[in-house]
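# Structural overview
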Amino acid sequence: MRGPLLAAAGGAMGGAGGPLAHTIRAKLTAALQPTHLEVRDDSPRHGGPPGAETHFGVLVVSERFAGLPLLQRHRLVHEALRTELAGPLHALQVIARTPQQWQSDPHAPPAPPCLGGSKREQRRG
Amino acid sequence: GAAAAAAALAAAAALRGRAGRPLSQAAGESGGSEGGGGSGSREAVERLVREHPVVVFMKGSPAQPLCGFSNAVVQILRLHGVEDYRAHDVLQDPDLRQGIKDYSNWPTIPQVYLNGEFVGGCDILLQMHQNGDLVEELKKLGIRSALLDAEKDQEKK
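Residues numbered from 1 in each chain as written. Chains lettered and ligands numbered in written order. Predicted model: local features only at pLDDT ≥ 70, side-chain atom pairs only at ≥ 80, totals over all residues. Heavy atoms only, no water.

Another aspect to go through is the packing of aromatic side chains. Residue and element names in this part refer to chain B. Tallied over the full model, the rule gives four aromatic pairs over all chains. Both rings, one in Trp106 and one in Phe118, keep their centres 5.1 Å apart while their planes meet at 65 degrees; by these two values the pair is edge-to-face. Taken together, the residues Trp106 in the loop between helix 5 (94-104) and strand 3 (111-114) and Phe118 in strand 4 (residues 117-120) connect sequence positions 12 residues apart. Trp106 sits in the buried class, given a relative accessible area of 4%. When the ring of Tyr113 is compared with that of Phe118, the centres are 5.3 Å apart and the planes differ by 45 degrees; the resulting orientation is tilted. When its relative accessible area of 1% is taken as the criterion, Tyr113 is described as buried. Grouping aromatic residues by their ring pairs yields a cluster made of Phe57, Tyr103, Trp106, Tyr113 and Phe118. (Phe/Tyr/Trp six-rings, centres within 6.5 Å; stacked < 30°, edge-to-face > 60°. Helix = DSSP H or I, 4+ residues; strand = E, 2+ residues; numbered from the N terminus. Buried < 20%, exposed > 50% of the residue type's maximum accessible area, 1.4 Å probe, protein only.)

This paragraph deals with the pairing of strand 3 (residues 91-97) of chain A. Counting buried positions along strand 3 of chain A gives seven out of seven residues, so the element sits mostly inside the fold. Neither face of strand 3 of chain A is exposed, since Ala91(A), Gln93(A), Ile95(A) and Arg97(A) on one face and Leu92(A), Val94(A) and Ala96(A) on the opposite face are all buried.

This brings us to the nonpolar core. All names here are of chain B. Among the nonpolar cores identified, the biggest contains 38 residues, and Phe57 and Tyr113 are the most heavily contacted of them. Broken down by element, this core gets its largest block of residues, six residues, from helix 4 (residues 68-79). Contacts of Tyr113, omitting those with residues within four sequence positions, involve Val49, Pro53, Val54, Val55, Phe57, Ile100, Tyr103, Ser104 and Phe118. (Core = buried A, V, L, I, M, F, W, Y, C linked by side-chain atoms within 4.5 Å. Contact = heavy atoms within 4.5 Å.)

Residues and elements named next belong to chain B. Strand order in the open sheet formed by four strands is 2-1-3-4, with mixed pairing between adjacent strands. Strands at the two margins of the open sheet, each flanked by one partner only, are strand 2 (86-89) and strand 4. For this sheet, the mean inter-axis angle between neighbouring strands, taken without regard to orientation, is 25 degrees. Sheet topology note: the strand 1 (residues 54-58)/strand 3 ladder contains four bridges and is antiparallel. Looking at strand 3, one finds that Val54 is bridged to Leu114. Along the sheet, helix 4 makes contact with strand 1 and strand 3, crossing strand 1 at roughly 155 degrees. (Pairing = 2+ DSSP bridges. Axes fitted to C-alpha atoms, helices over the stretch in contact; angles between N-to-C directions.)

All names here are of chain B. Contact geometry for helix 6 (residues 122-131) and helix 7 (residues 133-140): axes closest at 5 Å, N-to-C directions at 95 degrees. Judged on the interaxial angle alone, helix 7 and helix 6 are roughly perpendicular. Taken together, the residues of helix 7 that come into contact with helix 6 (itself represented by Leu125, Met128, His129 and Asn131) are Asp133, Leu134 and Glu137. (Parallel < 35°, antiparallel > 145°, perpendicular 65-115°, else oblique.)

What follows concerns the environment of Ala44(B). All names here are of chain B. Topologically, Ala44 is positioned in helix 3 (residues 42-49). With 76 residues separating them along the chain, Ala44 and Gly120 place their C-alpha atoms 20 Å apart. Sequence-distant contacts of Ala44, that is, excluding residues within four places in its chain, are made with Gly38 and Ser39.

Looking at chain A, pLDDT values average 82 and 73% of them are 70 or higher. Long-range and interchain partners of residues 7-14 of chain A, a stretch whose pLDDT sits below 50, account for 10 contacts in this model, where long-range means more than four residues apart. (pLDDT = per-residue confidence, 0-100.)

Tallied over the entire structure, the rule returns eight salt bridges over all chains. Asp42(A) is the salt-bridge partner of Arg40(A), the closest N and O atoms lying 2.7 Å from each other. Its relative accessible area of 2% is what places Arg40(A) among the buried residues. The exposure class of Asp42(A) is buried, given its relative accessible area of 3%. For Arg50(B), the salt bridge identified is with Glu46(B), shortest N-O distance 2.6 Å. (Salt bridge = Lys/Arg side-chain N within 4 Å of Asp/Glu carboxyl O.)

Below, the structure is given as structure tokens:
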């Protein structure tokens, strides 16, 4: 994934990134036991002030996704981050693959460019 | 005589007593009765998602998306030649913005509905586009993806 990688494979804690990045990493690790996890803070690209943690992208590779359609995989990720999504986490891009899928295609598409939507909003939603 | 009348009065009074509603119920009723439930109610959202085979809840409009993820949905649909669909700008309607998230139990915008059924957001639509599923789903709706015609043209050459 483009952008600063905030987690190495194996879910190492204590890497770069703010508190929300750490929380996201910890919760996804606990909920989905990923074999590979990348957490990308896109907030600077969406016009937030320095240190704002509002837009994230996650790449989760987990055996838990086997047999599940995309919608269910994404719901599992949302469930793990339910509190954050009801709070400061404004947008979340999700790529959810099984270990087999990741092995055969270890690439993720880049995030769509921001079009300034959040700058036009008065409040989060 | 008088006893019967007294009994009737007492019964009537008792009925009035039972007709008195607890505050919480009264508040709920008054809230739900305005405008048919509000633009974010389940009923209102249900009507919107069934309006058309392809319904999108987004930020901005197809002509002017205001969010990169919403724009991605518009562009993908455009690639498939799908230009005739219903798009709802949630930035114009805070009740709808919350209501659509409650309806689908999905925390973010954009949201794509095919044949009244929630399909996912931008990430899922992109993957469906890449793996061919979107062409198939559109076919089920009686919509022929423009990409099929594009392939045919290439074959002719």
